[in-house]
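# Understanding the architecture of this molecule
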Amino acid sequence: MDLPSAPPGTLRAVSRWQIVGLSINDVIGSGIYLLPAAAAALLGPASLWAVLLAGLAVSLLVLCYAQAASYFDAPGGGYLYAREAFGPFIGFEVGWMLLLTRVATAAALANGLAEAVTHFWPAADAGWARVSIVTGSIALLVAINVVGVRAAANAGVLLAVGKLVPLALFVAIGVFHVDASLAAPNTAPLTAKPLAEAALLLLFAYAGFENLPAAAGEYRNPRRDVPFALLTMIATVTLVYVSVQWVALGTLPDLAQSSTPLAQAASRFSGEWLALLMTVGASISILGTSSNTVLMAPRYLLALSQDGYGPRWLGAIHPRFRTPAVSIVLIGAVSLALALSGSFVQLALLSVVSRLCTYLGTAGSVLVLRHRHGDRDGALRLPGGALIPVAAIVLSLALLASAQIANLIAAAIALAIGAVVCALRRR
């Protein structure tokens, strides 16, 4: 008698350099096209050093994720680490917050893409044109992700290259036009308020890396390749951000007042062709980050479903494509509904606190997991023992203290709803 075959699992198809591309794609988004002006408005020329220091500070968190990722080859990311270190309830709450934020992000990015397109297609601002862009972008990314993780990874890498090329040209051409006096450090003292605002702005400009381990079940060698990708990403992104900030400061005298700083600076030193390329680059950046969101968000849902949260069919794997197709379509549908209704704005309030929750959860879990799994072959060992995780916890708590009361209230409501969902876990 034939035994019943096991249900298909996901396919380990994503290579090391594809993971690197995905990590860069998730961090460098449309924000880099607005960051130079926002940072300059708060800190002036000192924003150049602030961008560098923010990259170094975020490296503490990245190192925690790299160490935690070196212990596991299963999907879930921050949810998995918190669950293994602190139990199912804390793990679920972290995963729940991550899932809500990813869905809200997908909706916000779809609307952001429509806004970016208005620069060369004014009709996209409203009506059926806007609906078509929002619906078409989400549908396209859902289709790519359903077909296979390899196709999704290739699309992510292609979009990462597409967003890096305009930035590289901006720096490579602009470096010959920099006025050093414009980028010189400002000797005027800075007050606490702009420093606090700048800290949140700059540190979250580096956010997104926390989602990379979510799809570890489809990486060829996640315990080795995810830490490598995270460390390569933070070095690359810091270099890009500092270079772009320096060129923008040195080529655009009224940088702080600009609504399109990179395009305006590019038009000054290289003409309208580069300004147009920067505008196109902003659209590609949004689409690239949205692509990663549609890739990663269903993997949180998959991990939660496999652990008994929600109906079993959410964890179903497509027999042909070997992807969590049901979860992908569901995330796409919910994101589309939020994008068209505008109700994602309320969920977006969670983004600050939910990210800090997962940062705290992962940094704290490293303190526990390093004692349980630190002796595994190939496990990453951070210098200084517990020093880096403790510093990452202090950094996250400091940022949490700067969060607005509306963010904290939204997070408290979401956590309460999550506790109810957790209580309904399947046996």
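This write-up is about the structure you can find in this document. The structure presented is a predicted model; accordingly, all values stated were derived computationally and were not measured. (Residues numbered from 1 in each chain as written. Predicted model: local features only at pLDDT ≥ 70, side-chain atom pairs only at ≥ 80, totals over all residues. Heavy atoms only, no water.)

Another aspect to go through is the packing of aromatic side chains. Within this structure, the stated rule accounts for eleven aromatic pairs. Here tyrosine 65 and tyrosine 81 contribute two aromatic rings whose centre-to-centre distance is 6.4 Å and whose plane-to-plane angle is 70°, an arrangement assigned as edge-to-face. In this pair, tyrosine 65 is assigned in helix α3 (residues 47–69) and tyrosine 81 in helix α4 (residues 78–86), connecting sequence segments 16 residues apart. A relative accessible area of 1% means that tyrosine 65 is categorised as buried. What makes tyrosine 81 buried here is its relative accessible area of 3%. Ring geometry for phenylalanine 92 and tryptophan 96: centres 5.9 Å apart, planes at 20°, overall stacked. With a gap of four residues between them, phenylalanine 92 and tryptophan 96 both fall in helix α5 (residues 88–117), about one helical turn apart. Here phenylalanine 92 and tryptophan 96 have matching classes, each one buried. Clustering of aromatic rings is evident, with ring pairs tying together Tyr65, Tyr71, Phe72, Tyr81, Phe209 and Tyr359. Positioned over the ring face of phenylalanine 228 is arginine 16, at 4.1 Å from the centre of the ring. Sitting over the ring of phenylalanine 72, arginine 376 keeps its end group 5.9 Å from the ring centre. (Phe/Tyr/Trp six-rings, centres within 6.5 Å; stacked < 30°, edge-to-face > 60°. Helix = DSSP H or I, 4+ residues; strand = E, 2+ residues; numbered from the N terminus. Buried < 20%, exposed > 50% of the residue type's maximum accessible area, 1.4 Å probe, protein only. Lys NZ or Arg CZ within 6 Å of the ring centre and 35° of its normal.)

Turning next to a nonpolar patch on the surface. On the surface, Ile405, Leu408, Ile409, Ile413 and Ile417 cluster together to form a nonpolar patch covering roughly 470 Å² of accessible area. Positionally, isoleucine 405 belongs in helix α16 (residues 405–423). (Patch = residues over 30% accessible without salt bridge, like charges linked within 9 Å, V, L, I, M, F, W, Y side chains within 5 Å. Areas by Shrake-Rupley, 256 points an atom, 1.4 Å probe, with all protein chains shown as cover. Salt bridge = Lys/Arg side-chain N within 4 Å of Asp/Glu carboxyl O.)

The next subject is the packing of helix α6 (residues 127–147) against helix α12 (residues 325–341). Following both chains from N to C, one finds α6 and α12 inclined at 170°, their axes separated by 10 Å at the closest point. Comparing their axes, α12 and α6 come out roughly antiparallel. Residue-level inspection shows Val131, Val134, Thr135, Ile138, Val142, Asn145 and Val146 of α6 in contact with α12, the latter providing Ala325, Ile328, Val329, Gly332, Ser335, Leu336, Ala339 and Leu340. Of the residues belonging to the contact of α6 with α12, the class tally is eleven nonpolar, four polar and no charged. (Axes fitted to C-alpha atoms, helices over the stretch in contact; angles between N-to-C directions. Parallel < 35°, antiparallel > 145°, perpendicular 65-115°, else oblique. Contact = heavy atoms within 4.5 Å. Nonpolar A, V, L, I, M, F, W, Y, C, P; charged D, E, K, R; others polar.)

So, on to the nonpolar core. By size, the foremost hydrophobic cluster in this structure holds 137 residues, and its most contacted members are Phe170, Phe209, Tyr219 and Tyr241. Of the residues forming this core, the biggest block, 15 residues, is contributed by α5. In this view, phenylalanine 170 contacts Val244, Val247, Ala248, Leu262, Ala265, Ala266, Phe269, Leu274 and Met278; residues no more than four positions away in its chain are not counted. (Core = buried A, V, L, I, M, F, W, Y, C linked by side-chain atoms within 4.5 Å.)

This part takes up unusual backbone geometry. Positive phi values are uncommon outside glycine, yet arginine 322 reaches one of about 60°. Topologically, arginine 322 is positioned in the loop between α11 (272–306) and α12.

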